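# Observations on the model geometry
Chain by chain, the residues:
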Amino acid sequence: MPGTPEATPAAKQVSDAPSPRRLLSTEKVYEGRIWDVVSDSFQLQETGEALTRDYIDHPGAVAVLPMNAAGEILLLRQYRHPVGMDLWEIPAGLLDVEGEDFVVGAARELAEEADLAAGTWNVLADFFNSPGSSSEAIRIYLARDLADIPHHERHERTDEEAEIEFHWISLDDAVDSVLAGRLHNPSAVVGILAAAAARAGGYQGLRPADAPWPAHPSQR
């Protein structure tokens, strides 16, 4: 009919994807206490020139956004020496236990850093922390139905973790803190904004805790 607008094409779904390139050589140029630096030479195209990139070879990490029955989330204040600041973060840690399931690692970090256990787990978001300089892949979980770890079973925190302080905050106030530039930890920022987006849909669209994580280096 005249004047009838044309149908709008469906929005294209965007998704990151593996992109194998020809690896010419790889060399460990620095061996650190926690992670190493490697130097790779590769070609973008079969006839292209060799490129060399140095990056941190990282085992990956998990982070946990704990949420209580009132919808408040738990933030931890911890000193981070590279930036020289006390940062409000969420429980997180390296995936440095060989063969450990991702969500099991997340539960371990929640217990060690926050003295909490959770009965309900969902995936909030997956991201690369700094893909131009590190292979670090991070998965953030939403942990609900929380319970305190008994005192005699609690992990003894040392070094920077010994100074951890706890603060429960409403999700709305946490979002305001992110948008106002008061929070800087990437896992906290991503987790808070993802939780706010998930809440708008009643948390129905969240992936289960055991959802595949093909972007993690161990899965490729």
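Structure report, in brief. (Residues numbered from 1 in each chain as written. Predicted model: local features only at pLDDT ≥ 70, side-chain atom pairs only at ≥ 80, totals over all residues. Heavy atoms only, no water.)

### Regarding the packing of aromatic side chains
Test applied: Think of it this way: a Phe, Tyr or Trp ring, Trp meaning its six-membered ring, pairs with another when their centres are within 6.5 Å, and the plane angle makes it stacked under 30 degrees, edge-to-face over 60, tilted otherwise. Strands are runs of DSSP state E lasting at least two residues, helices are runs of H or I lasting at least four, and both sets are numbered from the N terminus onward. Throughout this description, buried means an accessible area under 20% of the type-specific maximum (1.4 Å probe, protein chains only), exposed means over 50%, and partly exposed covers the range between. Either the NZ atom of lysine or the CZ atom of arginine qualifies as a charge over a ring when it sits within 6 Å of the ring centre and within 35 degrees of the ring normal.
Counted by the stated rule, this structure contains 2 aromatic pairs. Seen from their ring centres, Phe 102 and Trp 213 are 4.7 Å apart, and the 75° between their planes marks the pair as edge-to-face. Taken together, the positions of Phe 102 in helix 1 (residues 102–114) and Trp 213 in the segment after strand 11 (207–208) put the pair 111 residues apart, joining distant regions of the chain. An identical accessibility class is assigned to Phe 102 and Trp 213; each is buried. The positively charged end of Arg 144 is found above the aromatic ring belonging to Tyr 203, 4.9 Å away from the centroid.

### Here's the deal with the environment of Glu 100
As for its position among the elements, Glu 100 is in the loop between strand 7 (92–94) and helix 1. Distance from Glu 100 to Pro 150, taken between C-alpha atoms, is 24 Å for residues 50 residues apart in sequence.

### What about the nonpolar core?
Worth spelling out the cut-off: Put simply, buried Ala, Val, Leu, Ile, Met, Phe, Trp, Tyr and Cys residues joined by side-chain atoms within 4.5 Å make one nonpolar core. Here, two residues are considered to be in contact whenever any of their heavy atoms come within 4.5 Å of each other.
Among the nonpolar cores identified, the biggest contains 28 residues, and Leu 65, Ile 73, Leu 124, Leu 171 and Ile 192 are the most heavily contacted of them. Elements represented by at least two residues in this core include exactly strand 4 (61–66), strand 5 (72–80), strand 8 (116–128), strand 9 (137–148), helix 2 (171–179) and helix 3 (186–200). Top contributing element to this core by residue count: helix 3, with 7 residues. For Leu 124, the contacting residues outside a window of four places in its chain are Leu 65, Ile 140, Tyr 141, Leu 142, Gly 191, Ala 194, Ala 195, Ala 198, Leu 206 and Arg 207.

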